[in-house]
Amino acid sequence: NAGVTQTPKFQVLKTGQSMTLQCAQDMNHNSMYWYRQDPGMGLRLIYYSASEGTTDKGEVPNGYNVSRLNKREFSLRLESAAPSQTSVYFCASSLKPGLATTGELFFGEGSRLTVL
Amino acid sequence: AQSVTQLDSQVPVFEEAPVELRCNYSSSVSVYLFWYVQYPNQGLQLLLKYLSGSTLVKGINGFEAEFNKSQTSFHLRKPSVHISDTAEYFCAVSDLDTDKLIFGTGTRLQVFP
């Protein structure tokens with residue numbers, strides 16, 4: 001029962017380097033999301049994909065790009081990492097596109113990124 | 001747009017004592033409300049949710065929450081906590097205009113023996 005799987009779990013980057021966080025879900029969910037979690041700020045939505053083939057900006061999209069590769073996979077790319085992007089990143093998925101409908105998100109275990 | 005406030009960033013409590021974690025949301029015609037729990041080094045998981053109906057909702061691990069429309073609150077309670085309840089708890093509200101979940105800043109519950 002894998003659920004939502006994120007890789008890598010830990011990464012250290014230097015300012016200006018690029019990297020991609022991978023996320024895959026095996027629950028046949030339609031919608032997928034990327035959040036970042038920072039102390040005292042809770043979770044903030046970066047990008048989401050309501051369904052395969054669509055992506056939309058969330059609350060804090062600057063500095064990030066996403067790709068919904070297929071129904072299972074949703075990747076987050078940092079093209080030129082900055083120290084302000086040091087955070088814990090969570091991928092999540094939900095069965096239906098409308099979060100307000102079900103409200104149940106299934107989260108991965110997180111990817112801890114440090115940008116020096 | 002909706003917003004949610006968790007007034008306590010940390011709540012220390014002894015084992016077997018009762019606990020209440022507070023959550024207030026901005027007013028709206030109708031809202032859906034949620035509590036998520038995050039155990040150390042794990043992702044979040046749904047604890048309970050209020051969509052409609054009874055204002056007292058029960059969740060996993062003996063937690064419950066009460067929706068109070070007049071006070072725009074959705075406080076989480078447990079009558080007797082265990083060491084294993086040590087975690088961070090997030091309140092969330094649905095924003096029906098943007099169709100997104102808005103998370104609070106979290107409350108860290110620390111249970112001491």
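All values derive from a computational prediction rather than experimental measurement.

## Observations concerning the interface of chain B and chain A
A common way to express how large an interface is: the accessible area buried when the components associate.
Here's step 1: Taken together, the contact pairs 20 residues of chain B with 23 residues of chain A.
Here's step 2: The largest per-residue losses of area from chain B upon contact with chain A belong to D99, K100 and F103 of chain B, which jointly make up 29% of the total buried on that side.
Here's step 3: Inspection of the region where chain B meets chain A yields zero salt bridges.
Here's step 4: The interface formed by chain B and chain A contains two residue pairs in polar contact (both at pLDDT 80 or more).
Here's step 5: Sorting the residues of the side of chain B that touches chain A by element identifies β5 (33–38), β6 (44–50), β10 (87–95) and β11 (100–103) of chain B as the ones contributing at least two each.
Here's step 6: Counted by class, the side of chain B that touches chain A contains 10 nonpolar, seven polar and three charged residues.

## Description of the layout of surface pockets
Here's step 1: As a volume, the largest pocket reaches approximately 620 Å³.
Here's step 2: As for the largest pocket, its lining consists of 29 residues, of which Q37, V88 and R112 of chain A together with Q38 and R108 of chain B are closest to the centre.
Here's step 3: The set of elements that each furnish at least two residues to the lining of the largest pocket consists of β4 (31–38), β9 (87–94) and β11 (111–115) of chain A together with β10 of chain B.
Here's step 4: Class assignment for the residues of the lining of the largest pocket results in nine nonpolar, 14 polar and six charged.

## What to know about the packing of aromatic side chains
All names here are of chain A.
Here's step 1: Applying the stated criterion across every chain, the model contains 12 aromatic pairs over all chains.
Here's step 2: Arranged with centres 5.9 Å apart and planes meeting at 65°, the rings of Y64 and Y89 form a pair that is edge-to-face. Here Y64 is found in strand β7 (residues 64–68), whereas its partner Y89 is found in strand β9, with 25 residues between them in sequence. The pair formed by Y64 and Y89 is uniform in burial state, with each residue classed as buried.

## Things to note about the pairing of strand β2 (residues 10–14) of chain B
Residues and elements named next belong to chain B.
Here's step 1: The alternating pattern of β2 places V11 and V13 on a buried face, while none of Q10, P12 and F14, on the opposite face, is buried.
Here's step 2: Alignment of β2 against strand β12 (residues 107–112), held across five bridges, turns out to be parallel. Looking across to β12, one finds that Q10 is bridged to R108.

## Regarding the sheet that holds strand β1 (residues 4–7) of chain A
Residue and element names in this part refer to chain A.
Here's step 1: Strand order across the open sheet formed by four strands is β1-β3-β8-β7, with antiparallel pairing between neighbours. Lying at the two open borders of the sheet, with one neighbouring strand each, are β1 and β7. Sheet twist, expressed as the mean angle between neighbouring strand axes with direction ignored, is 15°.
Here's step 2: The pairing of β1 with strand β3 (residues 19–25) spans four bridges and is classified as antiparallel. Bridged to T5 within β3 is A24.

Scoring rules and cut-offs
- Residues numbered from 1 in each chain as written.
- Chains lettered and ligands numbered in written order.
- Predicted model: local features only at pLDDT ≥ 70, side-chain atom pairs only at ≥ 80, totals over all residues.
- Heavy atoms only, no water.
- Contact = heavy atoms within 4.5 Å.
- Buried area = accessible area lost by both parts, 1.4 Å probe.
- Salt bridge = Lys/Arg side-chain N within 4 Å of Asp/Glu carboxyl O.
- Polar contact = N/O pair within 3.5 Å; in protein donor to acceptor, adjacent residues only side chain to side chain.
- Helix = DSSP H or I, 4+ residues; strand = E, 2+ residues; numbered from the N terminus.
- Nonpolar A, V, L, I, M, F, W, Y, C, P; charged D, E, K, R; others polar.
- 1 Å grid on protein atoms, 1.4 Å probe; cavity = no way out; pocket = protein on both sides within 12 Å on 5 of 7 lines; lining within 4 Å.
- Points joined across faces, edges and corners; volume = space filled by probe spheres on them.
- Phe/Tyr/Trp six-rings, centres within 6.5 Å; stacked < 30°, edge-to-face > 60°.
- Buried < 20%, exposed > 50% of the residue type's maximum accessible area, 1.4 Å probe, protein only.
- Pairing = 2+ DSSP bridges.
- Axes fitted to C-alpha atoms, helices over the stretch in contact; angles between N-to-C directions.

Fair warning: the whole summary comes from geometry, so function is off the table for now.
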